[in-house]
Amino acid sequence: MTEKSLIILRLKMDRKRNSCIVYTLSRTFVIKDINYLKKIGRKVFEIKSSPKKNIFLFLINRINEFFKSLIVLSKSGSVFIWFSDYHSFIPLVVSKFFTVKSIIIVGGYDAISDKEIGHGIFAKKGLRQTIAKLNYYLSSEIWVVDRSLSEGCKVALEQNKIKSGLINWMPDLKTKIRITPTGYSSNFWRRTKEKKPNTILTVANINHSRIIEIKGISLIFNLAKQVPEFKFQIIGLENKSLIETYKKPKNVKFIKPKKDQDLRDYYSESQYYIQPSRLEGLPNALCEAMLCECIPIGNKVFGIPKAIGTTGLLFDGSRDIKKIVVFLKANKKINSNQARRRIINLFNEEKRMDALRKV
């Protein structure tokens with residue numbers, strides 16, 4: 001083999017060891033994937049494009065994406081893109097030019113249409129939806145965190161007329177879709193404190209009034225009124241003005257966002273964790289809470305039933321609130337360690353890293 005051939009081979013091997021990850025916000029699931037890629041021996045390049053409504057800043061983002069993509073994708077073997085939106089398009093086009101394998105990771109928003117609250121890529125008519133569809137066609141693979149994001153969730157359609165499932169809009173994508181859940185560390189997410197009876201927790205990044213509807217906060221308020229003996233805590237409220245129009249029951253407390261170590265203590269002390277969302281992908285907070293041995297209660301939409309299984313209670317939206325009341329008041333002895341074991345079996349970190357390793 002000639003020296004030139006050896007250099008070319010070495011460059012190709014170096015590219016395979018390099019990966020790029022494209023995202024908008026530094027969410028937990030993005031940071032975890034970056035760390036997983038590093039753990040399996042990849043050098044990781046990042047392209048971050050924070051959402052901008054200002055047209056000038058929006059264009060600056062696209063220009064940055066173009067030049068960063070030219071630089072980092074020319075020396076990468078793969079690119080992982082969290083969510084299909086404006087930020088995905090230019091890196092995908094450049095990845096085609098450099099024959100880089102591209103994976104779009106679908107988390108929820110990019111596979112639904114909730115017209116009632118104007119949420120979801122497929123609720124957006126015009127350029128934004130067109131770009132999202134083009135992204136899916138340009139990608140090498142599409143990873144969905146739950147099967148419902150590929151095939152659709154019938155329960156969400158019945159409850160709130162939420163349409164979902166990529167193949168219901170683009171059936172020819174079916175062959176490139178892979179069900180690849182997120183992973184969770186059972187070493188970190190574990191119970192560290194004694195459980196406090198009659199405590200119910202939920203975690204939601206409430207930075208917009210729409211999130212209150214998405215995460216089912218009004219259902220929690222209604223439930224709290226019916227079980228005044230229970231103490232409810234909602235972690236993640238960034239601005240108190242977002243809930244000023246709601247009549248908050250006395251047994252509900254809002255807490256500012258917490259870092260993982262503090263969050264683990266809240267999970268550990270809580271007897272129950274409730275996920276009353278109208279839509280989700282695979283809820284990170286629910287899985288983390290179950291690893292900390294919370295008894296899970298959740299609306300049976302999207303990835304919530306897959307996470308909970310038979311380890312807690314599944315209910316059918318706000319019309320089923322009496323079922324939750326009966327469940328709480330019965331106070332049955334439930335082995336909360338079953339919830340922990342379920343997440344370890346289904347969504348452990350090694351499975352996620354194996355999926356990344358195979359790309």
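Small disclaimer: the values here were computed from a predicted structure and weren't measured.

Caption draft 1: The nonpolar core, seen in detail. Of all hydrophobic cores here, the largest spans 110 residues; its most connected members are L166, I206 and Y267. Contacts of I206, omitting those with residues within four sequence positions, involve I211, I212, I217, I234, G236, L237, E238, L242 and F254.

Caption draft 2: Highlighting the sheet that holds strand β2 (residues 43–48). A sheet is described by the order of its strands in space; here six strands give the open sequence β2-β1-β3-β4-β6-β8, paired in parallel fashion. Every interior strand has two partners, whereas the edge strands, β2 and β8 (177–179), have only one. Neighbour-to-neighbour, the strand axes of this sheet turn through a mean angle of 25°, independent of strand direction. Across the face of the sheet, helix α4 (residues 86–97) comes into contact with β1 (18–23), β3 (78–82) and β4 (101–106) while running at roughly 165° to β3.

Caption draft 3: Highlighting the sheet that holds strand β9 (residues 196–206). Strand order in the open sheet formed by six strands is β11-β10-β9-β12-β13-β14, with parallel pairing between adjacent strands. Both outer strands of the open sheet, β11 (252–255) and β14 (313–315), are each paired with one neighbouring strand and no more. Along the sheet, successive strands turn relative to each other by an average axial angle of 20°, direction set aside. On top of the sheet, helix α14 (residues 321–330) reaches β9, β12 (270–275), β13 (295–299) and β14; it is set at about 160° to β14, its chief contact.

Caption draft 4: Seen up close, a positive patch on the surface. Positive charge collects at one region of the surface, where K231, K240, K253, K256 and K258 lie side by side. Among the secondary structure elements, K253 is positioned in strand β11.

Caption draft 5: Quick look at the pattern of salt bridges. One pass over the structure, following the stated rule, counts 14 salt bridges. K196 is paired through a salt bridge with E269; the nearest N and O atoms lie 3.7 Å apart. You can see K196 sitting in strand β9 and its partner E269 sitting in helix α11 (residues 260–269), a full 73 residues away along the chain. We classify K196 as partly exposed; its relative accessible area is 42%. Within this structure, D114, E116 and R278 form a network of salt bridges that share partners.

Caption draft 6: Geometry of helix α2 (residues 28–39). In this model, α2 (12 residues) spans 16 Å end to end at C-alpha, consistent with the 16 Å of a helix rising 1.5 Å per residue. Three or more residues of α2 are buried, namely F29, V30, K32, D33, I34, Y36 and L37. Those residues of α2 that are buried are in contact with β1, β2, β3, β4, α12 (284–291) and α16 (349–358). Phi for G41, located one or two positions after α2, is positive at around 90°.

Caption draft 7: Spotlight on the pairing of β12. The element β12 is largely enclosed, with a buried count of six among its six residues. In terms of strand pairing, β9 meets β12 through three bridges, oriented parallel. Within β12, the position partnered with K196 by the bridge is S270. Pairing of β12 with β13, which is carried by four bridges, proceeds in the parallel orientation. Bridge pairing links Q275 to G298 in β13. Chirality of the crossover, the property in question, places the unit of β12, α12 and β13 among those that are right-handed.

Caption draft 8: Representation of the pairing of β9 in the model. Where β9 meets strand β10 (residues 231–237), six bridges bridge the pair, whose relative direction is parallel. Among the inter-strand pairings, L201 is bridged to a residue of β10, identified as Q233.

Caption draft 9: Focus on the side chain of E141. Within the secondary structure, E141 is located in strand β6 (residues 141–144). Residues contacting E141, with those up to four places away along its chain left out, are K101, S102, I103, I104, K176 and R178.

Caption draft 10: Structural detail: the side chain of S49. As for its position among the elements, S49 is in the loop between β2 and α3 (55–73). On the accessibility criterion, S49 (4% relative accessible area) is buried. A distance of 2.6 Å separates the side chain of S49 from the side chain of E65, its partner in a polar contact. Each residue touching S49, except ones within four places of it in the same chain, is listed here: Y23, T24, N61, R62, E65 and H87.

Caption draft 11: Main features of unusual backbone geometry. The phi dihedral of T99 falls on the positive side, at around 50°, and the residue is not glycine. Phi at E293 is positive, roughly 70°, even though this residue is not glycine. Position of E293 among the secondary structure elements: in the loop between α12 and β13. Using a relative accessible area of 16% as the deciding quantity, one classes E293 as buried.

Cut-offs applied
- Residues take numbers from 1 onward in each chain, read along the sequence in its written order.
- Reporting of local features is limited, given that this is a predicted model, to residues whose pLDDT is at least 70; pairs of side-chain atoms are given and counted only at 80 or more, and all residues count toward the totals for whole chains, interfaces and linings.
- By convention in this description, side-chain values take in all heavy atoms of the structure and omit both hydrogens and water.
- By nonpolar core we mean a set of buried residues, namely Ala, Val, Leu, Ile, Met, Phe, Trp, Tyr and Cys, connected to one another through side-chain atoms within 4.5 Å.
- Residue exposure (1.4 Å probe, protein chains only): buried if accessible area is under 20% of the type maximum, exposed if over 50%, otherwise partly exposed.
- In this analysis, two residues are considered to be in contact whenever any of their non-hydrogen atoms come within 4.5 Å of each other.
- Paired strands are those between which DSSP finds at least two bridges.
- The helix and strand labels rest on DSSP assignments: H or I over at least four residues marks a helix, E over at least two residues marks a strand, and numbering proceeds from the N terminus.
- In this analysis, axes come from line fits to C-alpha atoms, helices being fitted only over the stretch in contact, and the angle between any two N-to-C directions falls in the range 0 to 180 degrees.
- Nonpolar side chains (Val, Leu, Ile, Met, Phe, Trp, Tyr) are joined into patches within 5 Å and like charges within 9 Å, using only residues with over 30% relative accessible area and no salt bridge.
- To be clear on the numbers: accessible area is Shrake-Rupley with a 1.4 Å probe, and residue cover counts the displayed protein chains and nothing else.
- Salt-bridge detection follows one rule: a side-chain nitrogen of Lys or Arg within 4 Å of a carboxyl oxygen of Asp or Glu.
- Neither His nor the chain ends contribute to the count of charged residues, in which Lys and Arg are positive and Asp and Glu negative.
- For the purpose of locating charges, the reference atoms are NZ of Lys, CZ of Arg, CG of Asp and CD of Glu.
- Expected helix span is computed as 1.5 Å times (number of residues minus one).
- Think of it like this: strands point away, you trace from the first strand over the helix to the second, and a clockwise trace means the crossover is right-handed.
- Any N or O atom pair separated by 3.5 Å or less is treated as a polar contact, with the protein-specific requirement of one donor-capable and one acceptor-capable atom, and with residues adjacent in sequence counted only for side-chain atom pairs.

Honestly, that's just the spatial picture; any functional story needs more than this.
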